[in-house]
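# Breakdown of the fold
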Amino acid sequence: MEEDSICGKLSDPAGTIRMVSCPFLHTTSAAVRRRGPMQPSVRFPWKHEYTVGNETIDEQHRTLLELAGLLHMAVAAGQGYKIIQNAFAALVKYTEEHFSAEEQFWSSTKSAILDQHKRLHRDITDELLALRFEGPYGVVFCTPNELTNWVQHRLIAHFIEEDQRVYRSLNQGAKRKRTSA
Ligand SMILES: [Fe+2]
Ligand SMILES: [Fe+2]
């Protein structure tokens with residue numbers, strides 16, 4: 001695994017996406033739990049309705065929800081700056097890596113849907129970055145509710161609306177190619 005990547009590289013040169021282990025998930029989880037009287041709970045559980053029908057992408061989406069859950073746990077428990085910052089940085093990094101992997105995975109398809117999808121990825125990332133604010137008195141992180149709003153209305157909504165739509169259209173395109181061959 002590369003030193004500069006928390007979760008490793010998500011795609012290989014062949015254009016396929018592979019899931020990599022994310023040690024930060026375990027270290028952050030352990031650190032967050034050690035520091036406070038929190039019960040580990042799954043804040044953003046995976047639901048079958050989120051699936052896009054591609055195992056690797058679904059696995060990455062699951063990891064995003066886990067990382068968001070760890071950040072929520074840290075913010076809700078009022079953990080110190082370092083723990084919240086690490087959890088936030090891990091979520092930002094994995095979000096960026098996942099979006100980039102998804103865009104590479106679909107890069108062979110030239111379609112207006114994909115351009116629009118890339119813009120959505122940028123907007124969702126910007127909204128995540130805005131959950132950490134550097135004010136005149138220092139860094140301010142989002143509240144647990146603000147994070148929950150982003151996860152439910154931006155991240156999960158993106159899985160079940162735009163991601164599923166792109167996969168459906170790619171699968172239909174692949175089927176058409178097979179039947180016309
Ligand atoms: Fe996605
Ligand atoms: Fe996406």
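As a reminder, the structure under discussion sits directly above these lines.
Since the model is a prediction, treat every value here as computed from it, not as a measurement.

## Quick notes on the overall build of the chain
Looking only at helices and strands, the chain features five helices and two strands. In the chain, the succession of α and β elements from N to C terminus is α-α-α-α-β-β-α. Taken across its 181 residues, the chain has 27% of its residues classed as buried. Counting contacts in the chain only where the partners sit at least 6 residues apart, residues at least 24 apart contribute 70% of the total.

## Details of the nonpolar core
Counting 24 residues, the largest nonpolar core has L67, A68, L71, A74, A87 and L91 as its most contacted members. Within the residue set of this core, elements represented by two or more residues are α2 (55-76), α3 (81-105) and α5 (144-180). Element by element, the count of residues in this core is highest for α2, at 10 residues. Apart from the residues lying within four places of it in its own chain, the contact partners of L71 are A87, F88, L91 and L147.

## Let's talk about the pairing of strand β1 (residues 132-135)
Side-chain positions along a regular strand alternate between the two faces of the sheet. Summarising the sheet, β1 and strand β2 (residues 138-141) pair through four bridges and their orientation is antiparallel. Bridge assignment links G135 to a residue of β2, and that residue is G138.

## Observations concerning the packing of α3 against helix α4 (residues 112-129)
Taken N-terminus to C-terminus, the directions of α3 and α4 make an angle of 180°; their axes are 11 Å apart at the nearest point. Accordingly, the angle class assigned to the pair α3 and α4 is roughly antiparallel. Contacts from V92, T95, E96, F99 and E103 of α3 reach α4 at K118, H121, T125, L128 and L129. Considered class by class, the residues forming the contact of α3 with α4 number four nonpolar, three polar and three charged.

## Details of the environment of Q152
Take Q152: it is sitting in helix α5. Using a count of 12 C-beta atoms within 10 Å as the deciding quantity, one classes Q152 as exposed.

## Section: the packing of α2 against α3
With their axes 9 Å apart at the nearest point, α2 and α3 run at an angle of 160° to one another. By the angle between their axes, α2 is roughly antiparallel relative to α3. The handedness of the crossing between α2 and α3 is left-handed. Packed against α2, whose contacting residues are I57, Q60, T63, L64, L67, A68, L70, L71, A74 and V75, the element α3 presents I83, I84, A87, F88, A90, L91, Y94, T95, H98 and E102 at the interface. Broken down by class, the residue content of the contact of α2 with α3 amounts to 15 nonpolar, four polar and one charged.

## Considering the environment of T125
For T125, the position within the fold is in helix α4. Placed 29 residues apart in sequence, T125 and R154 show a C-alpha to C-alpha distance of 9.6 Å. Each residue touching T125, except ones within four places of it in the same chain, is listed here: T95, E96 and F99.

The rules behind each value
Residues numbered from 1 in each chain as written. Chains lettered and ligands numbered in written order. Predicted model: local features only at pLDDT ≥ 70, side-chain atom pairs only at ≥ 80, totals over all residues. Helix = DSSP H or I, 4+ residues; strand = E, 2+ residues; numbered from the N terminus. Buried ≥ 20, exposed ≤ 12 C-beta atoms within 10 Å, placed from the backbone. Contact = placed C-beta atoms within 7 Å. Core = buried A, V, L, I, M, F, W, Y, C linked by C-beta atoms within 7 Å. Pairing = 2+ DSSP bridges. Axes fitted to C-alpha atoms, helices over the stretch in contact; angles between N-to-C directions. Parallel < 35°, antiparallel > 145°, perpendicular 65-115°, else oblique. Nonpolar A, V, L, I, M, F, W, Y, C, P; charged D, E, K, R; others polar. Left-handed = near helix turned anticlockwise from the far one by under 90°.

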